[in-house]
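Coordinate inspection notes
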Protein chains: 2
Amino acid sequence: MVTIRDVAKAAGVSVATASRALNGMSIVTAKTREKIEAAATALDYVPHSGARSLTKRKTDTIGVILPDLFGEFFSEIIRGIDLVTHRAGKSLLLGNMHGSAEETAQAIRAMRGRVDGLLVMPPNSRADTVEAVTRDIPTVLLNAQGTDDVTPFVSVDNYAGARLVTNHLIDRGARNIIHIAGPANNRDARERQRGYCDVLAERTGNGSPLILPGDFRDDAGREAARLLLTSGITFDAVFASNDMMAVELMSELRVAGLQIGSDILVAGFDDIPLARHVTPGLTTVHSDITRVGSTAAELMLRMMEGETLERDQSLIIAPTLAIRGSSGGGAGTART
Amino acid sequence: MVTIRDVAKAAGVSVATASRALNGMSIVTAKTREKIEAAATALDYVPHSGARSLTKRKTDTIGVILPDLFGEFFSEIIRGIDLVTHRAGKSLLLGNMHGSAEETAQAIRAMRGRVDGLLVMPPNSRADTVEAVTRDIPTVLLNAQGTDDVTPFVSVDNYAGARLVTNHLIDRGARNIIHIAGPANNRDARERQRGYCDVLAERTGNGSPLILPGDFRDDAGREAARLLLTSGITFDAVFASNDMMAVELMSELRVAGLQIGSDILVAGFDDIPLARHVTPGLTTVHSDITRVGSTAAELMLRMMEGETLERDQSLIIAPTLAIRGSSGGGAGTART
DNA sequence: TTGAAAGCGCTACCAA
DNA sequence: TTGGTAGCGCTTTCAA
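Everything numeric here is computed off the predicted structure, so don't read it as measured data.

1. Notes on the overall build of chain A
- Counting its regular elements, chain A contains 13 helices and 12 strands.
- Each principal axis of the C-alpha atoms in chain A carries an extent, and together these give about 90 × 40 × 30 Å.
- Taken over 336 residues, chain A has a buried fraction of 53%.
- In chain A, once contacts between residues fewer than 6 apart in sequence are set aside, the share between residues at least 24 apart is 70%.
- Entry remark: accessible area of chain A is about 14,900 Å², with carbon and sulfur atoms responsible for 50%.
- Charged side chains in chain A number 36 positive and 40 negative. The centres of these two groups are separated by 7 Å.

2. Concerning the protein's contact with DNA strand C
- Around DNA strand C lies a shell of 26 residues, among which A:Ile4, A:Tyr45, B:Thr29, B:Thr32 and B:Thr55 are the nearest.
- Sugar plus phosphate, as a fraction of atoms of DNA strand C within 4 Å of the protein: 72%.
- Here a phosphate oxygen of DNA strand C sits 2.7 Å away from a polar atom, N or O, in the side chain of B:Thr17.
- B:Thr55 places a main-chain nitrogen or oxygen 3.3 Å from a base oxygen of DNA strand C.
- Mapped by element, the contributors of at least two residues to the surface near DNA strand C are helix 2 (15-22) and helix 4 (49-56) of chain A together with helix 2 (15-22) and helix 4 (49-56) of chain B.
- Per element, the largest residue contribution to the surface near DNA strand C is 4 residues, and it comes from helix 4 of chain A.
- Along the lines of polarity and charge, the residues of the surface near DNA strand C split into 11 nonpolar, 10 polar and 5 charged.

3. Comments concerning helix 8 (residues 158-171) of chain B
Residue and element names in this part refer to chain B.
- Between its terminal C-alpha atoms helix 8 stretches 20 Å, which fits the 20 Å expected from 14 residues at 1.5 Å a residue.
- The element helix 8 is extensively covered by neighbouring structure, given that 10 of its 14 residues are classed as buried.
- For helix 8, every residue scored as buried is listed here: Asn158, Tyr159, Gly161, Ala162, Val165, Thr166, Asn167, His168, Leu169 and Ile170.
- One or two steps after helix 8, the chain reaches Gly173, where phi turns positive at roughly 105 degrees.

4. A short note on the packing of helix 8 of chain B against helix 9 (residues 187-203) of chain B
All names here are of chain B.
- Put simply, helix 8 and helix 9 touch, their axes get as near as 7 Å, and they point 40 degrees apart. The orientation of helix 8 relative to helix 9 falls into the category oblique. Where helix 8 crosses over helix 9, the two elements pack in a sense that is right-handed. Seen from helix 8, the contacting residues are Asn158, Tyr159, Ala162, Arg163, Thr166, Asn167, Ile170 and Asp171; seen from helix 9, they are Asp188, Glu191, Arg192, Arg194, Gly195, Tyr196, Asp198, Val199, Leu200, Glu202 and Arg203.

5. Points about unusual backbone geometry
- Of note, the bond from A:Thr279 into A:Pro280 is cis; its omega dihedral lies within 30 degrees of zero at -5 degrees.
- One non-glycine residue, A:Phe216, lies in the positive phi region at around 75 degrees.
- On the secondary structure map, A:Phe216 appears in the loop between strand 7 (210-212) and helix 10 (218-231).
- For B:Asn143, which is not a glycine, the phi torsion comes out positive at approximately 60 degrees.
- You can see B:Asn143 is positioned in the loop between strand 4 (139-142) and strand 5 (153-156).

6. Considering the pairing of strand 2 (residues 91-94) of chain A
- The sheet contact formed by strand 1 (residues 61-65) of chain A and strand 2 of chain A spans 4 bridges and is parallel. Looking at the pairing, A:Val64 lines up with A:Leu94 of strand 2 of chain A.
- Sheet topology note: the strand 2 of chain A/strand 2 (residues 91-94) of chain B ladder contains 3 bridges and is antiparallel. Its bridge partner being in strand 2 of chain B, A:Leu92 is matched across the sheet by B:Leu94.

7. Thoughts on the packing of helix 5 (residues 72-87) of chain A against helix 13 (residues 289-304) of chain A
Residue and element names in this part refer to chain A.
- Following both chains from N to C, one finds helix 5 and helix 13 inclined at 40 degrees, their axes separated by 7 Å at the closest point. Here helix 13 runs oblique to helix 5, going by the angle between their axes. Crossing handedness for the pair helix 5 and helix 13: right-handed. On helix 13, the residues touching Phe73, Glu76, Ile77, Arg79, Gly80, Ile81, Leu83, Val84 and Thr85 of helix 5 are Ile289, Thr290, Val292, Gly293, Ser294, Ala297, Glu298 and Leu301.

8. Regarding the interface of chain B and chain A
- On the chain A side, the residues contacting the 43 residues of chain B number 44 residues.
- For the pair chain B and chain A, the summed buried surface comes to about 3,900 Å²; carbon and sulfur atoms form 52% of the total.
- Of all residues in chain B, B:Arg112, B:Arg114 and B:His277 give up the largest surface area on contact with chain A, accounting jointly for 17% of the area buried on that side.
- The interface formed by chain B and chain A holds 2 salt bridges in total.
- B:Arg135 is the salt-bridge partner of A:Asp44, the closest N and O atoms lying 3.1 Å from each other.
- Remark: the boundary between chain B and chain A carries 22 residue pairs in polar contact (both at pLDDT 80 or more).
- When residues of the side of chain B that touches chain A are traced back to their parent elements, those giving at least two are helix 4, helix 5 (72-87), strand 2, helix 6 (101-110) and helix 11 (243-255) of chain B.
- Split by residue class, the side of chain B that touches chain A holds 18 nonpolar, 14 polar and 11 charged.

9. Some words on the relation of the copies chain B and chain A
- With an RMSD of 0.2 Å, chain B superimposes on chain A once it is rotated by 180 degrees and translated 0.0 Å along the axis. Here the two chains are linked by the operation of a two-fold rotation axis. Considering only C-alpha atoms, the residue of chain B closest to the rotation axis is B:Leu93, which sits at 2.2 Å.
- Both copies share a contact surface, since 100% of the interface residues of chain B are interface residues in chain A too.

10. Overview of the pairing of strand 5 (residues 153-156) of chain A
Residues and elements named next belong to chain A.
- Of the two faces of strand 5, the one carrying Phe153 and Ser155 and the one carrying Val154 and Val156 are both buried.
- Two strands pair when backbone bridges link them, and strand 4 (residues 139-142) and strand 5 are joined in this way by 2 bridges, in the parallel orientation. Within strand 5, the residue paired with Leu141 across the bridge is Phe153.

Reading the values: the criteria
Residues numbered from 1 in each chain as written. Chains lettered and ligands numbered in written order. Predicted model: local features only at pLDDT ≥ 70, side-chain atom pairs only at ≥ 80, totals over all residues. Heavy atoms only, no water. Helix = DSSP H or I, 4+ residues; strand = E, 2+ residues; numbered from the N terminus. Buried < 20%, exposed > 50% of the residue type's maximum accessible area, 1.4 Å probe, protein only. Contact = heavy atoms within 4.5 Å. Areas by Shrake-Rupley, 256 points an atom, 1.4 Å probe, with all protein chains shown as cover. Lys, Arg positive; Asp, Glu negative; His and termini not counted. Charge placed at Lys NZ, Arg CZ, Asp CG, Glu CD. Near = heavy atom within 4 Å. Polar contact = N/O pair within 3.5 Å; in protein donor to acceptor, adjacent residues only side chain to side chain. Nonpolar A, V, L, I, M, F, W, Y, C, P; charged D, E, K, R; others polar. Expected span 1.5 Å × (residues − 1). Axes fitted to C-alpha atoms, helices over the stretch in contact; angles between N-to-C directions. Parallel < 35°, antiparallel > 145°, perpendicular 65-115°, else oblique. Left-handed = near helix turned anticlockwise from the far one by under 90°. Pairing = 2+ DSSP bridges. Buried area = accessible area lost by both parts, 1.4 Å probe. Salt bridge = Lys/Arg side-chain N within 4 Å of Asp/Glu carboxyl O. Least-squares fit on C-alpha atoms with pLDDT ≥ 70 in both.

Purely spatial values, then, with no claim about function.
Below, the structure written as structure tokens:
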């Protein structure tokens with residue numbers, strides 16, 4: 001391995017001078033610089049960024065910790081992060097920890113001395129599980145708010161999104177809206193359910209919500225559909241807590257002869273690419289996930305430049321409604 | 001920042017002993033170890049892995065360099081990689097380089113001293129653009145074969161996949177199969193086209209292929225459809241070089257009144273999630289992309305353990321055919 | 001079993 | 001403008 005010493009020796013200068021020349025500092029004679037650069041290329045010298053980080057106490061790397069790497073949600077977040085960090089010349093150190101709080105803490109520890117800052121999405125949005133470990137290092141929380149009122153965060157307003165879609169269904173004439181819940185330990189799912197319940201209470205007299213269990217997986221959508229079909233429950237609309245379940249539920253109801261968009265209105269949450277391609281198109285809540293990543297990265301960059309962010313710099317991204325055929329809204333075709 | 005010196009001082013031992021105790025070496029007295037561990041927890045000591053990497057000449061990190069982070073393809077690869085590296089306790093350093101060969105080389109250089117090995121997917125599968133830079137470090141190529149006959153690689157057999165699907169269309173009775181090409185500078189696209197041409201030459205007498213330009217984007221699918229509809233070209237099947245174009249083409253042809261699966265057979269390549277959800281389902285070529293990532297990671301791990309892999313350890317993943325309604329195969333519904 | 005000290009490859013300070 | 005050198009935080013000989 002060729003080090004800066006080799007280059008210095010070959011060029012007949014000291015390591016100090018070599019370092020200065022290689023880093024483009026102006027206080028080096030053109031002639032000296034040339035010699036050094038020639039030696040560097042001749043030896044095919046590549047600086048050892050690990051060593052450099054140690055002396056400079058700066059790694060130009062941002063640690064990203066996500067609970068899982070599965071699905072579009074996470075890849076969009078990473079893409080958003082990369083979008084802004086790449087421009088700033090930072091690398092990304094990925095530390096995925098597959099859900100458990102302990103593994104998360106472990107992953108964060110392992111990043112010590114290898115990153116300048118941390119972007120972490122705590123498992124189940126439980127920020128408290130990571131706070132103890134991130135105290136020493138600039139951190140932005142993804143999709144979760146800290147309990148300390150000081151760590152900046154970026155998240156999606158699940159509650160507002162659920163309100164949006166529930167209101168929409170009522171506007172379209174629905175009176176008996178079923179909600180298919182997500183996993184009980186998932187904060188996002190709970191927020192969506194809360195939005196649904198609140199709107200129901202506000203707008204319909206009785207306000208008795210009807211909630212079926214679910215777990216965000218497609219099977220749950222099919223199961224819910226079968227349950228609805230066989231139970232004799234009265235319903236004219238279904239709001240599933242995510243698109244995956246909504247899509248499967250829709251196709252199951254259709255097979256049973258129900259006309260989606262007129263007999264029954266259906267809506268989901270997430271706006272996965274599939275949502276616009278099923279027939280009829282699925283009405284759903286759209287969040288700019290990429291923006292969650294890019295905004296978090298921007299906050300991080302500012303922190304790394306020494307700015308002290310307050311909690312009020314945090315961003316709760318407001319979702320929008322994507323109205324399609326499944327709620328009787330669009331043309332009922334696959335295209336929006 | 002609390003270092004190992006602080007811990008040593010607090011415990012009343014030397015840094016050497018502290019290091020040994022903290023790393024679980026057996027040659028430390030139980031009593032000494034206890035003192036040290038107590039001090040470490042009291043001070044909330046977290047080892048600086050950057051410094052550790054420098055002395056041990058080992059980072060426990062694998063560099064991953066992809067041309068882009070967009071879409072399912074890349075996220076599946078990363079997921080595959082993570083699947084095996086996570087088990088081995090390695091982190092992933094992401095260096096995306098957005099396409100250009102120079103940026104790629106730059107990204108690889110920047111990883112020097114920060115990773116133990118490199119998983120790189122060269123832009124446009126041009127392995128030669130990265131070979132000069134990766135010589136000093138264990139490397140596995142993704143979706144590209146090196147020119148040096150020595151760097152291991154993992155890729156998908158685009159040629160075989162294209163043969164599979166073309167044969168299938170002919171088996172289903174197609175006689176005039178149009179191919180919609182991908183970007184000219186994309187090796188995958190060229191391989192797919194080559195497979196199509198070869199099968200045509202082998203099985204149909206005339207063997208005159210009919211190829212329309214494309215670029216993998218949805219617009220190209222629609223344009224090709226319009227061209228076909230207005231030009232008066234005789235055709236009874238279309239093989240698009242990716243699903244995106246196939247899906248759009250299909251919906252455009254359907255609007256024009258053609259019956260997909262009977263009047264016209266359509267097939268794509270990639271098996272994106274959408275493929276099984278459109279109506280009719282899209283017949284396409286399925287590759288286990290996650291496996292590309294996981295296999296590459298496994299090869300890397302073996303190299304890192306000192307094994308010298310030969311080129312014949314490389315893997316070309318054989319794709320399979322997913323037959324659905326668009327080629328007259330399935331029930332013509334959205335479900336497979 | 002423990003400690004002193006020499007690095008890992010680099011940067012940055014202080015003198016010259 | 002250049003060179004010598006002291007670290008960055010850690011591991012690992014080599015002696016004690």
